Amino acid sequence: MVKVNENYLKLPGSYLFSEVARRIAAYSQANPQAKIIKLSIGDVTRPLVPAVIQAMHAAVEEMGTFEGFHGYGPEQGYPFLREAIAQHDYASRGVTVKPEEVFVSDGAKSDCGNIGDIFGVDNVVAVCDPVYPVYVDTNAMAGRAGDFQEELGKWNKLIYMPCVESNGFTPEPPKERADLIYLCYPNNPTGAMATREQLQAWVDYANANGSVILYDSAYEAFITGEDIPHTIFEIEGARTCAIEFRSYSKTAGFTGNRCAYTVVPMELERGGVKLNSLWNRRQCTKFNGVPYVIQRGAAAIYTPEGKEQTRQSIAYYQKNAQVIREGLTSAGMTCFGGTNAPYIWLKTPKGMGSWDFFDLVLDKANVATTPGAGFGPSGEGYVRLTAFGDADATREAVERVKAIV
Ligand code: PLP
């Protein structure tokens, strides 16, 4: 009889966001009059900007002609998009990334999960705690995480690096050997941003130990601070130890369009093998590229109009983040993040557990949050709030939470 991948059977019960959705649905059913505002939402709500829509319309028209029809495209992405990425996301910041180092994909989630295909099962994996669950679960599925220890809320073969108030939610490199290191800045869920010095320490560690940093920069568009690195490749030595993931999901509202990219530098080699060649082989074998129409839409965000329009969308969410952060802080609550990220990491009052606080706020304020404990043991005592909602609803949610605390 066929054997299933038993690693899947070790995964703990429910995926965090499903559990949040389940509790919200149960509450709504029991309280149909409640008008719930979701500060838990991890999806964007603003429509696609006009420059993207126009480019996609034009691409659809092209597809209806013999001359402009596109069938299977290059698995790595069309040259027009790879070149625009190299130019606008990197060269404009003084960073060299060649188009052939850019792999366009259908999502940073897929890429963060699929990247494990090119690494051996016995690599030691280090993750931040709390963490975007995809890094942990995909390593568990691949058999790299060992067994889940229910009582600790941790996998026994993963290195968990606590991200807590005392280290500014950014860990130092571990004392033990870590081969694959997932870093995410701006951070989901804490909203923290690493400094240039902190990232330099990670790059130096990775180069000294032969590790690879998997740098998820899905929220790069939210960086506002001066002298904050927008890409790991601003850090000296990163080209020999890092892979970077970027996404148009939060940058340009592409969550429903599906387009992202991964940069694998040519200099990055392990065991005498270029990781760029391995990733190229993986993508050519298992992926048939992002639709032409979507890639045309993505390229449009690099035009002057596209840049300005996406900047305005991001500014809308940044304003929401400010409203949440300042509103709750003024009510005596402790908030982190929200300045370089669309996430606010709110400390629960009086040391309440995150799920208890989630239930309380849902019940008394009809506001949905995401419990920090769902992102890892060090997330206990926090909830994550997001800035992706409607501005008026966000303001109202903040007032309602203030009223109950
Ligand atoms: N990486 C992080 C840290 C995220 O929070 C998310 C989405 O929530 C993603 C990646 C997913 O990006 P995409 O929509 O490109 O798959």
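Residues numbered from 1 in each chain as written. Predicted model: local features only at pLDDT ≥ 70, side-chain atom pairs only at ≥ 80, totals over all residues. Heavy atoms only, no water.

Student: Got a minute to help me understand the sheet that holds strand S16 (residues 370-371) in this structure?
Tutor: The strands making up a sheet are joined through hydrogen bonds of the backbone, oriented either antiparallel or parallel. One open sheet accounts for four strands, arranged S13-S14-S17-S16; its pairing is antiparallel. Two strands close off the open sheet at either side, each with one partner strand: strand S13 (335-337) and S16. Judged from the five bridges that link them, strand S14 (residues 343-347) and strand S17 (residues 382-386) form a sheet pairing that is antiparallel. If you follow lysine 347 over to S17, its bridge partner there is tyrosine 382. (Pairing = 2+ DSSP bridges. Helix = DSSP H or I, 4+ residues; strand = E, 2+ residues; numbered from the N terminus.)

Student: Can you walk me through the site of the ligand in this structure?
Tutor: Taken together, 14 residues form the shell around the ligand, and within it Asn188, Asp216, Tyr219, Ser247 and Ser249 come nearest. With respect to the ligand, the side chain of tyrosine 219 contributes an N or O atom lying 2.5 Å from an oxygen atom. Between an oxygen atom of the ligand and a side-chain N or O atom of serine 249, the distance comes to 2.5 Å. For the ligand, whose unbound accessible area comes to 400 Å², protein coverage reaches 90%. Contributions of two or more residues to the shell around the ligand are made by helix H4 (108-114) and helix H7 (248-252). Here the shell around the ligand is composed, by residue class, of six nonpolar, four polar and four charged. (Near = heavy atom within 4 Å. Polar contact = N/O pair within 3.5 Å; in protein donor to acceptor, adjacent residues only side chain to side chain. Areas by Shrake-Rupley, 256 points an atom, 1.4 Å probe, with all protein chains shown as cover. Nonpolar A, V, L, I, M, F, W, Y, C, P; charged D, E, K, R; others polar.)

Student: What is the right way to look at empty space enclosed by the protein in this model?
Tutor: The method is simple in principle: a probe with the dimensions of a water molecule rolls over the atoms, and the space it marks as empty is what remains. Taken as a whole and judged by the stated rule, the model has two cavities of 30 Å³ or more. There is about 60 Å³ of room inside the largest cavity. Considering the residues around the largest cavity, the lining is formed by Arg46, Pro47, Val49, Lys250, Thr251, Ala252, Gly253, Thr310, Ser313, Ile314 and Tyr317. Mapped onto the lining of the largest cavity, the elements with two or more residues apiece are H7 and helix H10 (304-330). (1 Å grid on protein atoms, 1.4 Å probe; cavity = no way out; pocket = protein on both sides within 12 Å on 5 of 7 lines; lining within 4 Å. Points joined across faces, edges and corners; volume = space filled by probe spheres on them.)

Student: I would appreciate a short explanation of unusual backbone geometry in the present structure.
Tutor: The phi angle of most residues is negative, glycine excepted, and most peptide bonds adopt the trans form. Note that the residue after aspartate 129, namely proline 130, is joined by a cis bond; omega there is 5°. With respect to the element layout, proline 130 can be found in the loop between strand S3 (125-129) and helix H5 (133-141). With an omega of -10°, the peptide bond between tyrosine 185 and proline 186 qualifies as cis. Its place among the elements puts proline 186 in the loop between strand S7 (180-184) and helix H6 (196-209). Residues other than glycine seldom take positive phi values, yet arginine 258 does so here, at roughly 65°. On the basis of relative accessible area, arginine 258 is assigned to the partly exposed category, the value being 32%. (Buried < 20%, exposed > 50% of the residue type's maximum accessible area, 1.4 Å probe, protein only.)

Student: Any chance you could explain the side chain of asparagine 366 here in plain terms?
Tutor: Within the fold, asparagine 366 resides in the loop between helix H11 (354-365) and strand S15 (367-368). By relative accessible area, which is 15% here, asparagine 366 ends up buried. Within the structure, asparagine 366 has its side chain in polar contact with the backbone oxygen of leucine 362 (distance 2.9 Å). Leave out the neighbours within four places in its chain, and asparagine 366 touches Tyr27, Ala34, Lys35, Ile36, Ile37, Val361 and Arg400. (Contact = heavy atoms within 4.5 Å.)

Student: What am I meant to see in the domain arrangement of the chain here?
Tutor: Often, the extent of an interface is quoted as the loss of accessible area on bringing the components together. Partitioning the chain into structural domains gives domain 1 (8-47 + 305-404) and domain 2 (53-303). Distance from the C-alpha centre of domain 1 to the C-alpha centre of domain 2: 25 Å. In this assembly, 34 residues from domain 1 lie in contact with 46 residues from domain 2. Summed over both partners, the interface of domain 1 with domain 2 comes to about 3200 Å²; 61% of that surface belongs to carbon and sulfur atoms. Counting the contacts that link domain 1 with domain 2 gives two salt bridges. Counting across the domain 1 and domain 2 interface gives 17 residue pairs in polar contact (both at pLDDT 80 or more). If you list the elements that add at least two residues to the side of domain 1 that touches domain 2, you get H10, S13, S14 and S17. (Domains from an automatic or database assignment. Buried area = accessible area lost by both parts, 1.4 Å probe. Salt bridge = Lys/Arg side-chain N within 4 Å of Asp/Glu carboxyl O.)

Student: Help me understand the sheet that holds strand S6 (residues 159-162), please; the structure alone is not making it clear to me.
Tutor: Strands sit in the order S2-S10-S9-S8-S7-S3-S6 across an open sheet of seven strands; the sheet is mixed. Where the open sheet ends on each side, the last strands, each with one partner, are strand S2 (102-105) and S6. Strand-to-strand twist in this sheet, taken as the mean axis angle between neighbours without regard to direction, amounts to 20°. Where S3 lies against S7, two bridges are found, and the strand directions are parallel. (Axes fitted to C-alpha atoms, helices over the stretch in contact; angles between N-to-C directions.)

Student: What am I meant to see in the pairing of S2 here?
Tutor: Two faces, one strand: in a regular strand the side chains alternate between the faces of the sheet. Where burial is concerned, the two faces of S2 agree: the one with Val102 and Val104 and the one with Phe103 and Ser105 are both buried. Of the strand pairs in this sheet, S2 and strand S10 (residues 260-263) are connected by four bridges, and their pairing is antiparallel. Paired with phenylalanine 103 across the two strands is threonine 262, which belongs to S10.

Student: Please explain H10 as it appears in this structure.
Tutor: Count 3.6 residues to each turn of an α-helix, and residues three or four apart come out pointing the same way. The end-to-end C-alpha separation of H10 is 38 Å, in line with the 39 Å expected for 27 residues at 1.5 Å each. Residues of H10 that are buried include every one of Gly306, Thr310, Ser313, Ile314, Tyr317, Asn320, Ala321, Val323, Ile324, Arg325, Gly327 and Leu328, and no others. For H10, the secondary structure elements touched by its buried residues are helix H2 (50-63), H7, S13, S14, S17 and helix H12 (391-404). One or two positions beyond H10, positive phi appears at glycine 332, with a value near 90°. (Expected span 1.5 Å × (residues − 1).)

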